Structure formats: C-alpha cells, structure tokens
Amino acid sequence: MSERDRGPGAPPITHHSSLITRLPVVVGISGASGAALARAAILALGRAGHPVVATCSPAGARVWREEMDEGFERFAEGAGKQLSLEVIDIGDIGASIASGRRRTAGMLVAPCSMDTLSAIAHGRSTNLLERAADVTLKEGRRLVLIPRESPLSPIHLENMLKLSQIGVRIVLPVPAFYRKPASLDEVIEDVAARAIGALGIHLEEEEER
Ligand SMILES: Cc1cc2nc3c(=O)[nH]c(=O)nc-3n(C[C@H](O)[C@H](O)[C@H](O)COP(=O)(O)O)c2cc1C
C-alpha cells in the first residue's frame, strides 16, 4: 500500500533498520582483576549498536582505577557520548534492571569476582549487580560471567559448576594460545568477543550483514 492510499495523517512508512529496537545488554562490573574486559565488551557492544546498561561495584571501580588510565566514571562519561550507555548506581536497587519488566538481551558480568560469583550462585541480591543477575536467571535470559581468580579453590569451582548446570555461561579470560596473540589487547578483545558470543550476539556475523 502506498503512502497516498493509506489516507491523510497516516504515519509515514519507514523502511529502515533503525526501526528494529535492540534490547539493552546489562553489563555488571565487579572487583576482579580485568577491568579492560568490561571496557572492551562495552565498546564492542556499543559500536555494534547494542545499547548497554552498566553497573559497577565499589570494588570494581577501585580495580578499574588501579588498572586503567582513567576511572570508570570518566570512561563512562566519554563512552556515553558516542554509544548508547546508561550507567546505574549499584546502590539503586529500585532501578529498572532490578525488575523483570525491563526487558533485556541478557547480562554479562565482566570481570566477575569470586564474591559476586558466589552471590549469584546462592541467589543473593544485596546490590543492583547481584539483583540484575538474579532477575536475568529468573526470567530465563542469558547470563554470561567472565570470572577471574587463580588458583581456584574448590568453593570457586563448586560455585561455577552450580551456575554452569543452570545454564550460566562461564567464559574464562584465557588467551587462545593457538592463535598466537600478538598483544594483551588482542587477548582482551578475543575474550570480550567470546563472552558477547555466549550471549547469543555474534558481532562478526552482524558486521557481514
Ligand atoms: C587490585 C585488586 C584486584 C583484585 N582481583 C581479584 C580477582 O582477580 N578475583 C577476585 O575474585 N577478587 C579480586 N579482588 C578482590 C575483590 O575486589 C573483593 O573480593 C571484593 O569484595 C569484590 O567485591 P564485588 O564482587 O562486589 O565487586 C581484587 C581486589 C583488588 C583491590
């Protein structure tokens, strides 16, 4: 049907992919080493047009400060000008992502501390990150964790097994040695892409389309 046939006042038909609204990916940043993984994941998702809603624990912010050239807040401020990035205070347990009504494309916790991993495995919801992960599970959405600790204790391994058995995807921040990565950045990009892939978002395929 043409615009004219639809009658006066009818909204224009727009044949454009921007009409397909993407659901946001929740990114939780906790206090394990590897802040660069969160940075890489947020930037990769954002550049590919996936909105991101992020929340960072106090320990996550501290590790970010120690490992990166700028603090998390400064990064988010800069990134938010170029990407669709919403940052929510981890203390705001009444925020949208604390409810199943806010539809999301799933959640990534990167890096995931053993503390946060344990909280998720035991259904604790004492901050927004933990609550959002709990909501992701109860709504049957994809939850991907990038845990970092070494060596791992039996408690860590048990918690990971428990989560894996209920469908949580565990992506380790380890190099793909067989690809002979030339730099740490390459390893970080690769791990972030794998974690995003575990969410069911395949950035390379999207690029080809
Ligand atoms: C510099 C630094 C590095 C840390 N690295 C790790 C780590 O790799 N894995 C981990 O489980 N905890 C690590 N921790 C400890 C966590 O930050 C700590 O257990 C904290 O309570 C985690 O809180 P959160 O899960 O709420 O972010 C680190 C702490 C600091 C200060």
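Presented here is an overview of the structure given in this document.

Conventions used here
- Residues numbered from 1 in each chain as written.
- Predicted model: local features only at pLDDT ≥ 70, side-chain atom pairs only at ≥ 80, totals over all residues.
- Heavy atoms only, no water.
- Helix = DSSP H or I, 4+ residues; strand = E, 2+ residues; numbered from the N terminus.
- Buried < 20%, exposed > 50% of the residue type's maximum accessible area, 1.4 Å probe, protein only.
- Contact = heavy atoms within 4.5 Å.
- Areas by Shrake-Rupley, 256 points an atom, 1.4 Å probe, with all protein chains shown as cover.
- Polar contact = N/O pair within 3.5 Å; in protein donor to acceptor, adjacent residues only side chain to side chain.
- Axes fitted to C-alpha atoms, helices over the stretch in contact; angles between N-to-C directions.
- Parallel < 35°, antiparallel > 145°, perpendicular 65-115°, else oblique.
- Left-handed = near helix turned anticlockwise from the far one by under 90°.

## Remarks on the overall build of the chain
- Check the secondary structure of the chain and you find eight helices and six strands.
- Listing the helices and strands of the chain from first to last along the sequence gives β-α-β-α-α-β-β-α-α-β-α-β-α-α.
- Counting across all 209 residues of the chain, residues that qualify as buried make up 45%.
- Within the chain, contacts between residues at least 6 apart in sequence are counted, and of these 75% link residues at least 24 apart.
- Carbon and sulfur atoms form 50% of the exposed surface of the chain, whose accessible area is close to 11,800 Å².

## What about the environment of Glu67?
- Within the fold, Glu67 resides in helix H2 (residues 58-67).
- Its relative accessible area of 36% is what places Glu67 among the partly exposed residues.
- C-alpha of Glu67 to C-alpha of Ser33: the two residues are 34 residues apart in sequence and 7.9 Å apart in space.
- Ignoring sequence-local partners within four residues, the contact set of Glu67 consists of Ser33, Gly34 and Ala35.
- Among the polar contacts made by the side chain of Glu67, one reaches the main-chain amide nitrogen of Ala35 at a distance of 2.9 Å.

## A closer look at unusual backbone geometry
- In the segment running from Ala110 into Pro111, the intervening peptide bond is cis, with an omega of -15°.
- Residue position: Pro111 is located in strand E4 (residues 107-112).
- Despite not being glycine, Lys180 shows a phi value in the positive range, around 45°.
- Checked against the element boundaries, Lys180 lands in the loop between strand E6 (169-170) and helix H7 (184-198).
- You can call Lys180 exposed: its relative accessible area is 69%.

## Structural notes on the packing of helix H4 (residues 114-121) against helix H6 (residues 154-165)
- For the pair H4 and H6, interaxial distance at closest approach is 9 Å and the crossing angle is 45°. Classified by the angle their axes make, H4 and H6 are oblique. In the crossing of H4 with H6, the sense of the turn from one axis to the other is left-handed. The residues of H6 that touch H4, namely those facing Met114, Leu117, Ser118, Ile120 and Ala121, are His156, Asn159, Met160, Lys162 and Leu163.

Limitation: the analysis is restricted to geometry and does not speak to function.
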